[in-house]
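Below are the chains, spelled out letter by letter.
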Amino acid sequence: MKMAVFKRQKSIIPGFGLTMGITVAMLSLIILIPLASVLAYSFKLSPSEFVELITRPYVLQAFKTSILCSLIAALINCVFGVILAWILVRYNFPGKRLMDGMIELPFALPTAVAGITLTKMYSNTGFIGRALEKIGIKAAYSKMGIIIAMVFIGIPFVVRAIQPVLEKLPSTCEDAAYMLGASRFVTFRKVIFPEIRPALLTGFGLALARGIGEYGSVIYISGNSQKNGTQVVSYIIMQKLNSGSVDYEGAAAIALILLIISFVMLFIINILQHIASKRTNS
Amino acid sequence: MKKRILLLALSAALAVTSLTACGGKKKGSDGLKIVNVSYDPTRELYAEYNEVFKEYYKDKTGKDIEIVQSHGGSGSQARSVIEGNDADVLTLALAHDITAVEEAGLINSGWIEEFEGNSSPYKSTIVFLVRKGNSKNIQDWDDLIKDGVDVITPDPKSSGAADWAVLAIWNYAKNLYNNDEAKMKEFLGKVYDNVLVMDSGARGATTTFVENGQGDVLIDWENEALMTLQEYPDEYEIITPSSSILAEPSVAIVDENADKNGTQELAKEYLEYLYTDEAQRIIGKNFYRPTNEAILNEYKDTFNLSVELCSIDDFGGWDKAYDDFFADGGIFDQVYQK
């Protein structure tokens, strides 16, 4: 592909111009232009208004909540995602196919439906929430509720990132490590983990990015209480849009900051991933 | 891989069908169709009213018409119309949301004078819904600030019902503290300190209180509370506080769209018919307070008519009230954000 761009040599595979044209058009229509309009709207505020808005205590609190909860959720997803992927790749058991398909359900289910269902289950009158309440844990309408929703929507990213890598990793590697006297833990740490680390970072990054901007599944279970710090950034954005004054500029300004934070996080993760894959490939 | 492709094809098919479904606008049997964009709790009211109006219009003109309903949070419905939702009439929770559409240039100024009673064919108020037995003994607004009382109410930044509720609390505190603003703010702040879950809209708050069993008291539209009571007569009680506010949900023709769609006359007739005796009875039956005094009296057993009601005029109209209370940095932010 790169050759075709730089050398202007006729590629053997035809249709480069056409596919590139479609790609650029789609990217512009669906991603670039809408994002640019976010930028344009937020620049309607003067710099001082912009700073004043995004440093308001409730806005800062929402950023803190969103980032913290999505970080924790992404970490949880990493642990369980690896285990899930491991089970699905390495073992055969009845219902494996079904389980494999179920992983993608959070993608397919409308997030609002997921949110309402999770809230019902995890509130103190719900089936799971009641049990948790007995041991003193308040699940729904707390930060924990937000994390639960984010774990739900983020898990497929991690599993689907790791699965192909594990599939490619022959179990003979583990056998060899075992024969060379490595304990199970050492085998995991020294043989398996370095292989899946780049994929794990990708999965972590995707789950994190998804969690930070999540709206549908989170707003029902969070309770949106400013006092308890359970308002997430996407809720604040919707609040600005739904209020009687329809504050596009304010919403766009907060969205812009959210975008920048996500971008920086993904950027850092990409660098880490780059370093990690270099190490394993060399 | 195959599975992925199948999924993609499926979602593409879904997208296409939903697009064509939206595209099928303006195709009543006689080409007449109006779109009524309304707020959350009016679903049942307009479902019934639309049938009656269709019949009336058919008798009068011989034409079949189609009426499309849309419901959602009042503020977000207003925004959808500003952004291009082709509504012919707006029937929202408060005048301020219609003013927002007016300011976008879609509604002619002076709309509030166009129909009787501030263009508000039905009224409501704000009451409390508590669980049967009322174990926390909640009788009035000052019971809401007590320790250990969990309050459910939607977010005043996005819900019309919550806006009316804040003003009702303010009015109560004003009488209690003789206009001492510092104390009134403290009172309002204490009520919101007890708020356990703040949903973005009134229906969401009802779900939280009724379905998910959260909180001791729901601050709610009277019509929503009465409807909940009708559905679950043995589980809840309505408590009317000593004072509340006369909520006036407003209606207006979206002139820009109606002129373009050629539905100006029909839209006017649709909203005017809300004031007829027949429609006023439907309104009463659906737990909204009719504007027609005589018909309101027919429903005097449904509503607590002795409650003392302040009105939006006491706050200098909606535009002023919105700026004072709900704009960024307004009274609500001052008491709630710490």
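Fair warning: this is a prediction, and the values are worked out from it, not measured in the lab. (Residues numbered from 1 in each chain as written. Chains lettered and ligands numbered in written order. Predicted model: local features only at pLDDT ≥ 70, side-chain atom pairs only at ≥ 80, totals over all residues.)

Student: Can you walk me through the environment of Asn304 of chain B in this structure?
Tutor: Residue and element names in this part refer to chain B. Topologically, Asn304 is positioned in the loop between helix H13 (293–298) and strand E13 (308–310). Accessibility expressed as a C-beta count within 10 Å gives 15 for Asn304, which makes it partly exposed. Sequence spacing of Asn304 and Glu222 is 82 residues, and the spatial spacing of their C-alpha atoms is 9.8 Å. (Helix = DSSP H or I, 4+ residues; strand = E, 2+ residues; numbered from the N terminus. Buried ≥ 20, exposed ≤ 12 C-beta atoms within 10 Å, placed from the backbone.)

Student: Explain the interface of chain B and chain A here, please?
Tutor: Where the parts come together, the accessible area they lose is often given as the size of the interface. Taken together, the contact pairs 27 residues of chain B with 21 residues of chain A. Here the side of chain B that touches chain A gets four residues from one element, more than from any other, and that element is helix H3 (residues 74–82) of chain B. (Contact = placed C-beta atoms within 7 Å.)

Student: What is the right way to look at the domain arrangement of chain A in this model?
Tutor: Residue and element names in this part refer to chain A. We note that the domain assignment places domain 1 (12–42) and domain 2 (46–281) within chain A. Distance between the C-alpha centres of domain 1 and domain 2: 28 Å. Contacts between the two partners involve four residues from domain 1, matched on the other side by eight residues from domain 2. The class makeup of the residues in the side of domain 1 that touches domain 2 is three nonpolar, one polar and no charged. (Domains from an automatic or database assignment. Nonpolar A, V, L, I, M, F, W, Y, C, P; charged D, E, K, R; others polar.)

Student: It is not clear to me how the domain arrangement of chain B should be interpreted in this structure. Could you clarify?
Tutor: Residue and element names in this part refer to chain B. Taken domain by domain, chain B holds domain 1 (25–122 + 248–298) and domain 2 (126–246 + 307–336). Each of domain 1 and domain 2 was reduced to a C-alpha centroid, and the two centroids are 27 Å apart. Broken down by element, the residue count for the side of domain 1 that touches domain 2 peaks at four residues, all from helix H4 (residues 95–103). Across the side of domain 1 that touches domain 2, the residue classes break down as seven nonpolar, six polar and three charged.

Student: Got a minute to help me understand the packing of helix H7 (residues 111–122) of chain A against helix H9 (residues 143–168) of chain A in this structure?
Tutor: The axes of two packed helices give the description: the angle between them and the distance between them. All names here are of chain A. Two elements in contact, H7 and H9, have axes separated by 11 Å at closest approach and are oriented at 135°. On the basis of their axis angle, the class for H7 and H9 is oblique. Every pair of crossing elements has a handedness; the one defined by H7 and H9 is right-handed. Here Thr111, Ala114, Gly115, Leu118 and Tyr122 of H7 come into contact with H9, specifically with Gly145, Ile148, Ala149, Phe152 and Ile153. Classifying every residue of the contact of H7 with H9 gives seven nonpolar, three polar and no charged. (Axes fitted to C-alpha atoms, helices over the stretch in contact; angles between N-to-C directions. Parallel < 35°, antiparallel > 145°, perpendicular 65-115°, else oblique. Left-handed = near helix turned anticlockwise from the far one by under 90°.)

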